[in-house]
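Examination of the molecular architecture
Letter by letter, the chains look like this.
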Amino acid sequence: MSKTLSDQVEQEAPAAEKITPLVRSAVQFAESRNNRFSAIIPREVDKVRLLQSGLWSVVSDQFRSMDRIDCIWADRSAYAELLVIDAGRGFCHVLLLNHWPLPALLVSTEGLPPGFDIRYEGPDAEAQWCCYRLADNVRMVCGKPSRDAALAALLDSATLR
Amino acid sequence: MNEADKACVLRHTAHVAKHFIAYRGSLDKLVELIRYSIGTAAPAPEDVAHFLRCESTQKLLESTYETALWCSNDHTKSWRLICLATTADPAAAARLLARKAPADACAFCWQQERGWSDKTLVPEQDVGGAFVGAVLLHPTCVRSWRRLRDLVARSGEPV
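Here is what the cut-offs are and how they apply
Residues numbered from 1 in each chain as written. Chains lettered and ligands numbered in written order. Predicted model: local features only at pLDDT ≥ 70, side-chain atom pairs only at ≥ 80, totals over all residues. Domains from an automatic or database assignment. Pairing = 2+ DSSP bridges. Helix = DSSP H or I, 4+ residues; strand = E, 2+ residues; numbered from the N terminus. Axes fitted to C-alpha atoms, helices over the stretch in contact; angles between N-to-C directions. Core = buried A, V, L, I, M, F, W, Y, C linked by C-beta atoms within 7 Å. Buried ≥ 20, exposed ≤ 12 C-beta atoms within 10 Å, placed from the backbone. Contact = placed C-beta atoms within 7 Å. Nonpolar A, V, L, I, M, F, W, Y, C, P; charged D, E, K, R; others polar. Arc of directions from axis to C-beta.

Topic: the domain arrangement of chain A
Many authors give the size of an interface as the accessible area that is lost as the parts come together. As far as domains go, chain A holds domain 1 (28–101) and domain 2 (109–156). Taking the mean C-alpha position of each, domain 1 of chain A and domain 2 of chain A sit 41 Å from one another.

Here it is, written out as structure tokens:
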């Protein structure tokens, strides 16, 4: 028991060395040291291509290291945050911090599962926007006031889980 | 009017909007069209007119029933009923986007605002906040127009 205690004392000894505090000039406002840029990315650029130096070659001379770049895809399909590691004229090393794919457009066919159809069936309470299963023409959802609501109800239904 | 009547009027207003796509005229005529769509069970005309004048009704139509209804600010004080539903076909959307609207008309609903286009229409902005050409839109039509743009952009076809 006493041996372990003395061991602990020996281990704590180097931890007692003096901590050098940060000097006042080490801290600044983020705005005065680094910039935060916002970039519109063409829709054909993917996540891998985004990190390559060639994409930023024209604009990279305005970046400094530790700048952030907010990337907005032009078709609003995704949003990403980049951290500039190193930049100069014609090259730019960036790190992908975050990448959020934005929700799919419900109105388009990409949100609709295959084999279903959505139609407007008139103003009655149980008509309006309806979803049909094309295989047997069963009406899955009816009475929704908009196409989005009908599609959301269809995606919630138990047969598609 | 009870709740069932109100829901019925909302549904038939959306139906009339889908039929005419973009209507412009007096409120009396609009009420007549909606009551004709409902049929014999229609509420009294003054009740329908009062219900349509309510701001809550107009907001509900725009947010839930994909239908815009408002009274214009210009000297004609005409009522507008616009169907905000968009197509799901990217090719059709591209065709709609390629049409050239008159200079003082909304590009989505094509209703002309003679002499008032600077006050009632807003220029279209792309995702970066830059102005797109000379496209002018009603504030209510912006969302549907933007949705057509996104539909075409994500399908990968040239605009």
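That covers the picture; the talk isn't over yet.
Considerations on the sheet that holds strand S1 (residues 36–41) of chain A
Consider a sheet: its strands pair through backbone hydrogen bonds, and that pairing is either parallel or antiparallel. Residues and elements named next belong to chain A. Pairing in this open sheet of four strands is mixed, and the strands run S1-S2-S3-S4 from one edge to the other. Each end of this open sheet is capped by a strand with a single partner; those strands are S1 and strand S4 (91–101). For this sheet the average axis-to-axis angle between neighbouring strands, irrespective of direction, equals 25 degrees. In this sheet, S4 lies alongside strand S3 (residues 78–88) in antiparallel orientation, the contact comprising 10 bridges. Bridging from a neighbouring strand, Ala87 pairs with Cys92 of S4.

Quick word on the nonpolar core
Residue and element names in this part refer to chain B. Counting 37 residues, the largest nonpolar core has Leu81, Ile82, Cys106 and Leu137 as the members making the most contacts within it. Of all the secondary-structure elements, those providing two or more residues to this core are helix H1 (3–20), helix H2 (27–38), helix H3 (45–53), strand S2 (67–71), strand S3 (79–83), strand S5 (131–137) and helix H7 (142–155). The element contributing the most residues to this core is H1, with six residues. Both of domain 1 (3–83) and domain 2 (90–155) provide at least three residues apiece to this core.

Description of unusual backbone geometry
Leaving glycine out, the prevailing phi sign among residues is negative, and the prevailing peptide bond configuration is trans. Of note in the backbone geometry, Asn137 of chain A takes a positive phi value of approximately 60 degrees without being a glycine. Summarising the element assignment, Asn137 of chain A is placed in the loop between strand S6 (129–133) and strand S7 (138–144). At Ile21 of chain B, a residue that is not glycine, the phi angle is positive and equals roughly 65 degrees. Take Ile21 of chain B: it is sitting in the loop between H1 and strand S1 (22–25).

Some details on the interface of chain A and chain B
On the chain B side, the residues contacting the 19 residues of chain A number 19 residues. A per-class count over the side of chain A that touches chain B returns nine nonpolar, six polar and four charged.

Quick notes on helix H4 (residues 147–156) of chain A
All names here are of chain A. Within H4, burial applies to Arg147, Ala150, Leu151 and Leu154. Summarising the axial view, the buried residues of H4 lie within an arc of 95 degrees, below the 170-degree limit, and thus occupy one face. Residues of H4 that are buried sit in contact with strand S5 (116–120), S6 and S7.

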